[in-house]
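Each chain is listed here by its residues.
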Amino acid sequence: MEINELIQKVLKINPDAETSLLRLAFNIATKKHEGQLRVSGIPYLTHAMEVADILVDLRMDVITIAAGLLHDVVEDTNVTIDEIKENLGGEIALLVEGVTKISAIQFKSLEQRQAENLRKMFLAMAKDPRVILIKLADRTHNMRTLEFLSPEKRERIATETIELYAPLANRLGIGKIKNELEDLCFKYLYPEDYKILSLAVEQKFSSREQHINQIKKELEGQLLSLNINVVIKGRPKHLYSIFRKMKNRNKTLEEIYDLIALRIITESIKDCYAVLGIVHTKWPPMPGRFKDYIATPKSNMYQSIHTTIISSFGEPIEIQIRTQEMHRVSEDGIAAHWRYKENEKVDEKFSKNITWLRQLIEWQNDIQNPQEFINTLKVDLFQNEVYVFTPKGMVKELPEGSTPVDFAYAIHTDIGNKCVGARINGKMVPLKNILKNGDIVEIITDEKHHPSRDWLSFTKTSKAINKIKQWIKQKDNEESISTGKKFLHNTLTKEIKRFNLNISIDSILKDVKNHLPELGFETEDDLFANISYNKNILNQLLEKIFPEHYNQVDIISASKSQEFQW
């Protein structure tokens, strides 16, 4: 793609776009990437242009597209963030910095590098969500050209994509990128299954295409007679979603009911329900196959009515009914709700999605272990939701498999910490009870109650898990401080008596503060907590308190003495 072609696409979407920024970004990218080639042998600039083109397809603003053109210049050339800021402004510099990896820092492991890069990206994303849109565009083009890498790199990148980036695209509602990433990962991670399934689905769709067209014709005629304008499209589901259902449910391709879907796009919500009534009147719906995501949208802003009917040909067919705006959101997700600077008032759905992101970052802040960070991140991203209600009718979205404890923490941390029981639909249930769609949950609390370690075995949400761990850690630390303080007091009493010293314990304890820096502690509480489980710290402290009486022999004998109860 040439820069003029890219600019024409941008102007078609937004005639008032400031395209001079795009030309300037393109010129910098061209100059700095000159001579650089991809593994495939094509110029590196081609990748930058393709990333920008994907962002144009998402209907993003010029600032984001320009940052897409420059997303690799800091990492792969001698350009600095300050230079980008000076030439193109702070917004573009912030976005480029957000997608730039932490390449200058040495890490102990690949897991730590991955975790810190992800953490950095999410922090930047919380400040400006356009960061992740650039990263997803970058990953999408990299997946499109994965064939040129070694088998080992293909597997590593595809695994990371299917575990993190595709779920992230889904969590942000960007259906077209999520579906493409999943199918590309499927192609490289399960090549034989991919070949077999793609051929089988193509054959099935071809054999049923006449039936699908007949249903479309019947519906269009009836709806037109009622002055309901619709666009109807028939399509097979994307391959990976079919494969996942077959694998998770242990079913054959013949047993997957929603292999083919008819999508009916209307002009209004009123028309959606009118179409639903006509569909159910004309064809019998399959029991248990109806979902109204218009009344209860998914957390990623997805809205649509799903129903599966038995056609006149005896075949089950899924029908999705949505408005044009809902369809745009299902394809573009967070990008469809972008209101950056063009409209200072950000719409409520967009704000809600960003709130989820900020909560995610807040919950991850206390996790230092890289693998634990990545694992809990996957839990937050890779989730099907259940929708449950408070007694007052407020809807709470929780991951599938959540319990009343997860619900309690979703309401408020104090409610979670003091939770002692729960009623679901008016009946008392165990706290480990799995919540289902439509449950009305009432949490029973007790001011004297505290979280239990056992809760960690059945809680699902990162917020609940992290808050329980925080409380346990704080409680354990308080107990360690108390134990260490008491143990030091008893030990000093015995040592004063052993050395026949005319000195009070209080005066010695006051002197302890002077030795904190030498022992590597900032506070007395840190010292007391360590003394409770580390006798070497106690020995070092005794040597400093009693330098004239406490030599290495005393330390060893004292350590072995029955008076020291560890």
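Our subject is the structure that appears above.
Cut-off values and rules
Residues numbered from 1 in each chain as written. Predicted model: local features only at pLDDT ≥ 70, side-chain atom pairs only at ≥ 80, totals over all residues. Heavy atoms only, no water. Helix = DSSP H or I, 4+ residues; strand = E, 2+ residues; numbered from the N terminus. Buried < 20%, exposed > 50% of the residue type's maximum accessible area, 1.4 Å probe, protein only. Contact = heavy atoms within 4.5 Å. Areas by Shrake-Rupley, 256 points an atom, 1.4 Å probe, with all protein chains shown as cover. Core = buried A, V, L, I, M, F, W, Y, C linked by side-chain atoms within 4.5 Å. Salt bridge = Lys/Arg side-chain N within 4 Å of Asp/Glu carboxyl O. Patch = residues over 30% accessible without salt bridge, like charges linked within 9 Å, V, L, I, M, F, W, Y side chains within 5 Å. Lys, Arg positive; Asp, Glu negative; His and termini not counted. Charge placed at Lys NZ, Arg CZ, Asp CG, Glu CD. Pairing = 2+ DSSP bridges. Axes fitted to C-alpha atoms, helices over the stretch in contact; angles between N-to-C directions.

S.K.: Explanation requested: the overall build of the protein chain in the structure shown.
M.R.: From N to C terminus, the protein chain includes 25 helices and 10 strands. Buried positions account for 48% of the 566 residues belonging to the protein chain. In the protein chain, the proportion of contacts linking residues at least 24 apart, taken out of those at least 6 apart, comes to 65%. If you sum the accessible surface of the protein chain, you get close to 29,000 Å²; carbon and sulfur atoms cover 49% of it.

S.K.: Looking at this model, I keep getting lost on the nonpolar core. Mind explaining?
M.R.: When a protein is soluble and globular, its nonpolar side chains tend to lie buried together. If you look at the biggest cluster of nonpolar residues, it comprises 103 residues, and the most contacted ones within it are L70, I92, M143 and L219. The contacts of M143, once residues within four sequence positions are left out, are I157, A158, T161, L181, L184, C185 and Y188.

S.K.: In this structure, what is going on with the pattern of salt bridges? I would like to understand it.
M.R.: Working definition: two side chains of opposite charge can pair if their charged atoms are close together. Under the criterion given, the structure shown has 19 salt bridges. Here E180 ties to R144 by a salt bridge, and the two come within 2.6 Å at their closest N and O atoms. In this pair, E180 sits in helix α11 (residues 175–189) while R144 sits in helix α9 (residues 130–144), placing the two residues 36 residues apart along the sequence. The class of E180 is partly exposed, set by a relative accessible area of 26%. Across the salt bridge formed by K237 and E318, the nearest N and O atoms sit 3.1 Å from each other. Of the two residues, K237 sits in the loop between β1 (231–236) and α13 (239–249) while E318 sits in strand β5 (residues 316–323), which places them 81 residues apart along the sequence. There is no split in this pair, since K237 and E318 are both buried. Three or more residues are tied together by salt bridges with common partners; here these are D61, E91, D128 and R130.

S.K.: What is the right way to read a negative patch on the surface from this model?
M.R.: Judged by side-chain charge, D82, E83, E86 and E97 come together as a negatively charged surface patch. Assignment of secondary structure puts E86 in helix α6 (residues 81–88).

S.K.: Which parts of the structure should I look at to understand helix α15 (residues 324–332)?
M.R.: For the α-helix, the turn length of 3.6 residues means that residues three or four positions removed from each other point alike. Within α15, burial applies to M326, H327, V329, S330 and D332. Turning to α15, the residues buried within the fold contact α11, β2 (260–266), α14 (269–282) and β5. A positive phi of about 55 degrees marks G333, the residue just after α15.

S.K.: What is the right way to read the sheet that holds β1 from this model?
M.R.: Across a sheet, paired strands are connected by hydrogen bonds in the backbone, their directions being either parallel or antiparallel. Pairing in this open sheet of 5 strands is mixed, and the strands run β1-β2-β5-β4-β3 from one edge to the other. Of all the strands in the sheet, the pair left with one neighbour each is β1 and β3 (285–292). Neighbouring strand axes in the sheet, compared pairwise and without regard to direction, differ in orientation by 20 degrees on average. The pairing of strand β4 (residues 305–310) with β5 spans 6 bridges and is antiparallel. What sits directly across from T307, in β5, is I319. Contacting β1, β2 and β5, helix α12 (residues 191–225) crosses the sheet at an angle of about 165 degrees to β1. The sheet contacts of α15 involve β2 and β5, and relative to β5 the element is tilted by about 105 degrees.

S.K.: Just to check I follow, could you spell out the sheet that holds strand β10 (residues 441–445) for this structure?
M.R.: One open sheet holds the 3 strands; their spatial order is β9-β8-β10, and the pairing between them is antiparallel. Edge positions in the open sheet fall to β9 (427–429) and β10, since each of these has one partner strand only. Averaged over all neighbouring strand pairs, the angle between strand axes comes to 35 degrees, with direction disregarded. In this sheet, β9 lies alongside strand β8 (residues 419–424) in antiparallel orientation, the contact comprising 3 bridges. Looking at the pairing, R423 lines up with M428 of β9. Running at roughly 80 degrees to β10, helix α18 (residues 404–411) makes contact with β8, β9 and β10 of the sheet.

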